[in-house]
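Single-letter residue listing:
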Amino acid sequence: MNTLAIRHVLLDAQRTGLERLDAQMLLLLALGRNPNDRAWLLAHDDSLLTPDQATRYAQTCERRLRGEPLAYIAGHKEFFGLDLQVDARVLVPRPDTETLVQWALDTLEVTAAGTSRPLRVLDLGTGSGAIALAIQRSQPATDTWATDASADALAVARTNAMALGLPITFREGRWWNAVPGERFHLAVSNPPYIEPDDPHLQRLTHEPPSALVAGPDGLTDLRDLVLGAPSHLHPEGWLLVEHGHDQAGRVRALFRQAGFANVSTRNDIAGIERCTGGQWLEKP
Ligand code: GLN
């Protein structure tokens, strides 16, 4: 028996507690192959790893077993059909957030029907740039801006924009402070919204806490976003935000108290109330 044969390496991985899918992906990475090409592994399960490949694989398995996200190990994450570079400077884009992008695109379609100007869109706290880039790629006529309080995160987002050839205007700063005097037709954000004592955080120790955790009730940043929006939205402009699984009612209340109209919530792919938005109808 050769323990460096792919078949044995994968069997072994399961004994260490690694998920089969993760082991397959890490093995493909170590082999320098497309990490999604699992069919190749199945077709070549008696191939042998070189000692270098085996070492690379063992090192990444260790990182994964310590809880590091696969996306950081691979250095990439797919989001809304885009290949994004990610590392520990930014939150790993989640499929849940594709709900927010789809809602933004639906909103832009309706808004575009009533105006001939290029629509101005803002992604607040862009992280890897995922939301801004997905919108700009799907709606190339929009003028998309993106902000982050973290210069490190903006560096990642800029790299992604460059690699994808998408024009985004970046600004550094905390929420609306990054765009003084600017107005937008649509603003979107996936801010931190996890409460500091949420046990869920124990599984998220590798991602930047500043992208995950917010104030005592998880709503501090959502509140700043909602309250600051009216002076940065064009009349009839929209604000759409992502929030926690049990925050929808409280976030709708924030929007209504701030004077927003047409306040509603959309579910994510798991059927959980994940995004809430509203329209600013009054001229500020
Ligand atoms: N949805 C992420 C999670 O629960 C958190 C993202 C965020 O705080 N914006 O893992």
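Look up a bit, the structure's there.
Residues numbered from 1 in each chain as written. Predicted model: local features only at pLDDT ≥ 70, side-chain atom pairs only at ≥ 80, totals over all residues. Heavy atoms only, no water.

1. Considering the site of the ligand
Residues in close proximity to the ligand include Arg 94, Asn 190, Pro 191, Pro 192, Tyr 193, Ile 194, His 200, Leu 204, Ala 211, Leu 212 and Glu 242, which together make up its full environment. Separating a nitrogen atom of the ligand from a side-chain N or O atom of Tyr 193 is a distance of 2.8 Å. For the ligand, whose accessible area on its own is 300 Å², the fraction buried by protein is 92%. Among the cavities detected, the one that contains the ligand is the largest pocket. (Near = heavy atom within 4 Å. Polar contact = N/O pair within 3.5 Å; in protein donor to acceptor, adjacent residues only side chain to side chain. Areas by Shrake-Rupley, 256 points an atom, 1.4 Å probe, with all protein chains shown as cover. 1 Å grid on protein atoms, 1.4 Å probe; cavity = no way out; pocket = protein on both sides within 12 Å on 5 of 7 lines; lining within 4 Å. Sits in = over half its atoms within 2 Å of the grid points.)

2. A few points about the packing of helix α6 (residues 98-113) against helix α7 (residues 130-138)
Running from N to C, α6 and α7 cross one another at 40°; their axes reach a closest spacing of 10 Å. One element, α6, and the other, α7, form an angle in the oblique class. Crossing of α6 over α7 shows right-handed handedness. For the pair formed by α6 and α7, the contact residues are Leu 100, Val 101, Ala 104, Leu 105 and Leu 108 on the first element and Ile 131, Ala 134, Ile 135 and Ser 138 on the second. Considered class by class, the residues forming the contact of α6 with α7 number eight nonpolar, one polar and no charged. (Axes fitted to C-alpha atoms, helices over the stretch in contact; angles between N-to-C directions. Helix = DSSP H or I, 4+ residues; strand = E, 2+ residues; numbered from the N terminus. Parallel < 35°, antiparallel > 145°, perpendicular 65-115°, else oblique. Left-handed = near helix turned anticlockwise from the far one by under 90°. Contact = heavy atoms within 4.5 Å. Nonpolar A, V, L, I, M, F, W, Y, C, P; charged D, E, K, R; others polar.)

3. Re the pairing of strand β1 (residues 76-79)
Here four bridges tie β1 to strand β2 (residues 82-85), and the two strands are oriented antiparallel to one another. Looking at β2, one finds that His 76 is bridged to Gln 85. Counting the residues in the hairpin turn of β1 and β2 gives two residues, including Phe 80, whose phi is positive at 50°. (Pairing = 2+ DSSP bridges.)

4. Comments concerning the nonpolar core
Soluble globular proteins tend to pack their nonpolar side chains together in the buried interior. Among the nonpolar cores identified, the biggest contains 30 residues, and Leu 133, Ile 135, Leu 186, Val 188 and Leu 240 are the most heavily contacted of them. Those elements giving two or more residues to this core turn out to be β2, α6, α7, α8 (151-164), β6 (184-189) and β7 (233-242). Grouped together as the second largest cluster of nonpolar side chains are 29 residues, Trp 175, Leu 204, Leu 219 and Leu 239 included. (Core = buried A, V, L, I, M, F, W, Y, C linked by side-chain atoms within 4.5 Å. Buried < 20%, exposed > 50% of the residue type's maximum accessible area, 1.4 Å probe, protein only.)

5. Some words on the side chain of Gln 53
Tracing the backbone shows Gln 53 in helix α4 (residues 51-65). Once residues lying within four places of it in the same chain are set aside, the contact partners of Gln 53 are Ala 30, Leu 31 and Leu 48.

6. Concerning the layout of surface pockets
Looking at the largest pocket, its volume works out to about 1300 Å³. Lining of the largest pocket is provided by 48 residues; of these, Lys 77, Val 92, Pro 93, Arg 94 and Pro 95 occupy positions nearest its centre. Counting residues per element, the lining of the largest pocket draws most heavily on β1, which supplies four residues. A breakdown of the residues in the lining of the largest pocket according to their chemical character gives 20 nonpolar, 12 polar and 16 charged. Taken as a whole, the second largest pocket spans an internal volume of roughly 460 Å³. Looking at the second largest pocket, it is lined by 29 residues, and the ones nearest its centre are Gly 125, Gly 127, Asp 148, Asn 190 and Ala 211. Its residues placed into classes, the lining of the second largest pocket shows 15 nonpolar, eight polar and six charged. (Points joined across faces, edges and corners; volume = space filled by probe spheres on them.)

7. Side note on unusual backbone geometry
Despite not being glycine, Phe 80 shows a phi value in the positive range, around 50°. Here Phe 80 lies in the loop between β1 and β2. At Glu 236, a residue that is not glycine, the phi angle is positive and equals roughly 75°.

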